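A look at the structure
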Amino acid sequence: MRRLTALAGLCGILVLSLAAAAGPASALADRDVQQVGTYDYLTNPADYTGLAPVSAVGDGPTLGLGTFDHLDGELILVGGTYYRVGTDGRPQPFDTARTTPFLQTIRFVPDASGPVPPGTTCAQLATVVNALAGTTFGVVAVRVRGTFADLVTRSVPAQAEPYAPLAQVVATQTLFPLGQQRAVLVGFRTGQDFAGVGAPGLHLHGVTADRTAGGHVISCVAGPDVQLSIERADAVTILSGSD
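Reference entry: report on the structure contained in this document.

Basis of the calculations
Residues numbered from 1 in each chain as written. Predicted model: local features only at pLDDT ≥ 70, side-chain atom pairs only at ≥ 80, totals over all residues. Heavy atoms only, no water. 1 Å grid on protein atoms, 1.4 Å probe; cavity = no way out; pocket = protein on both sides within 12 Å on 5 of 7 lines; lining within 4 Å. Points joined across faces, edges and corners; volume = space filled by probe spheres on them. Helix = DSSP H or I, 4+ residues; strand = E, 2+ residues; numbered from the N terminus. Nonpolar A, V, L, I, M, F, W, Y, C, P; charged D, E, K, R; others polar. Phe/Tyr/Trp six-rings, centres within 6.5 Å; stacked < 30°, edge-to-face > 60°. Buried < 20%, exposed > 50% of the residue type's maximum accessible area, 1.4 Å probe, protein only. Lys NZ or Arg CZ within 6 Å of the ring centre and 35° of its normal. Arc of directions from axis to C-beta. Contact = heavy atoms within 4.5 Å. Pairing = 2+ DSSP bridges.

**Section: the layout of surface pockets**
- For the largest pocket, the calculated volume is near 430 Å³.
- Lining the largest pocket are 24 residues; nearest its centre among them are R154, A199, H203, H205 and H216.
- Counting only elements with at least two residues in the lining of the largest pocket, the list comes to α2 (39–43), β5 (63–67), α4 (166–170), β14 (201–208) and β15 (214–222).
- At 4 residues, β14 tops the list of elements feeding residues into the lining of the largest pocket.
- Counted by class, the lining of the largest pocket contains 16 nonpolar, 6 polar and 2 charged residues.
- In this structure, the second largest pocket encloses a volume near 230 Å³.
- At the level of secondary structure, the elements contributing two or more residues to the lining of the second largest pocket comprise β12 (139–155) and β13 (174–190).
- In terms of residue count, β13 provides more of the lining of the second largest pocket than any other element does, 4 residues in total.
- Split by residue class, the lining of the second largest pocket holds 7 nonpolar, 3 polar and 5 charged.

**Some thoughts on the packing of aromatic side chains**
- Under the definition given, this model contains 3 aromatic pairs.
- Here the aromatic rings of F68 and F94 are separated by 4.8 Å at their centres, their planes lie at 90°, and the arrangement is edge-to-face. Separated by 26 residues along the polypeptide, F68 in the loop between β5 and β6 (74–78) and F94 in the loop between β8 (91–92) and β9 (99–100) bring together distant segments of the chain. Take F68 and F94: they sit in the same class, and that class is buried.
- Taken together, a centroid distance of 5.8 Å and an interplanar angle of 65° make the contact between Y82 and F94 edge-to-face. Of this pair, Y82 sits in strand β7 (residues 81–85) while F94 sits in the loop between β8 and β9, and the two are 12 residues apart along the sequence. Each member of the pair Y82 and F94 is classed as buried.
- Sitting over the face of the ring of F68, R98 holds its NZ or CZ atom 4.7 Å from the ring centroid.

**Looking at helix α3 (residues 125–133)**
- Regarding α3, the residues found buried are L125, V129, N130 and A133. Along α3, the residues classed as buried sweep out an arc of 140° about the axis, all on the same side. Every exposed residue of α3 that faces more than 90 degrees away from the buried side is listed here: T127 and A131.
- The elements touched by buried residues of α3 are β12, β13, β14 and β16 (227–232).

**Brief notes about the pairing of β5**
- For β5, a buried count of 5 out of 5 residues is recorded, marking the element as mostly surrounded by other parts of the structure.
- Here β5 shows a buried face lined by L63, L65 and T67 and a second buried face lined by G64 and G66.
- The sheet contact formed by β5 and β6 spans 5 bridges and is antiparallel. Note that in β6 the partner of L63 across the bridge is V78.
- In sequence, β5 turns back onto β6 through a hairpin of 6 residues, with H70 there showing a positive phi of about 65°.
- Relative to strand β10 (residues 103–106), β5 is paired through 4 bridges, and the arrangement is antiparallel. In the sheet register, G66 faces β10, and the bridge partner there is L103.

Right, here's the structure in full:
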C-alpha cells in the first residue's frame, strides 16, 4: 500500500510522496502532481485569494483542474491546453499569469485504461476508478472520454471578501444541462490518506469535444463508448505561494 510521507517543506513548497520505493528522478517527475494550494485552503476557512499564477506549475502538465482568484470560474486543462469556464458556460483560453488559490495538474501518461460500463453515472465513477487503480488510497489522475447522456456542468460567480463558505457559494451556481454530448472529463480521485490536499473522492471538470461548453461536472451517464484512463501519482508537490 502506498503511504503518505512528508519529504520536504520549505520555501512555500511541500512534497508528499506516494511511492513505495524511490525510482529514477525522471520517472518520478512524470508521475508527480504539481499543484497550487490545497482544498483545505479553499474551505477551512473559506479563502479564495490567489496564491500563485497558473504558470507556476510549469509548462509540462497536460491534465488538470482548478479555479481562479476570487473563485472566478472553473479551470480545465486538457491535452496541455487551459480553459476557463465562467457563468456563461463557454470554455475560453486565458492568460496563465492569472492567479489561482487551487490548481491540480499532472503530465498525464496513463498506466491503466478500460471501458466504463454503459449506464454508469458520474456518482458511480469513483468505484470504477478505484477498481482500475486497485486501491482507494493515494491520488489518481483521471481522464474519462466518450459520449455521455444527461451531462450537467456548472460554474460559480466571482466572490468578494469576506468570503462565504463554499457550500453557500455553490448554492448560487449556474447549471448547464448539456444533454447528450461527446466530452472529455478530467480530474483527480483523492483518497482519505490525502484528505484536504484535494477535494474528497472524485473531482472532475470537463469540456465538450467541440469545446463549446464545459465546467465542473455535476452529473452524467456513460454511453456505450466511454473509456477511462488513470495514472497513479507517485508524489504531490504543493506550491503555497509563500516565500
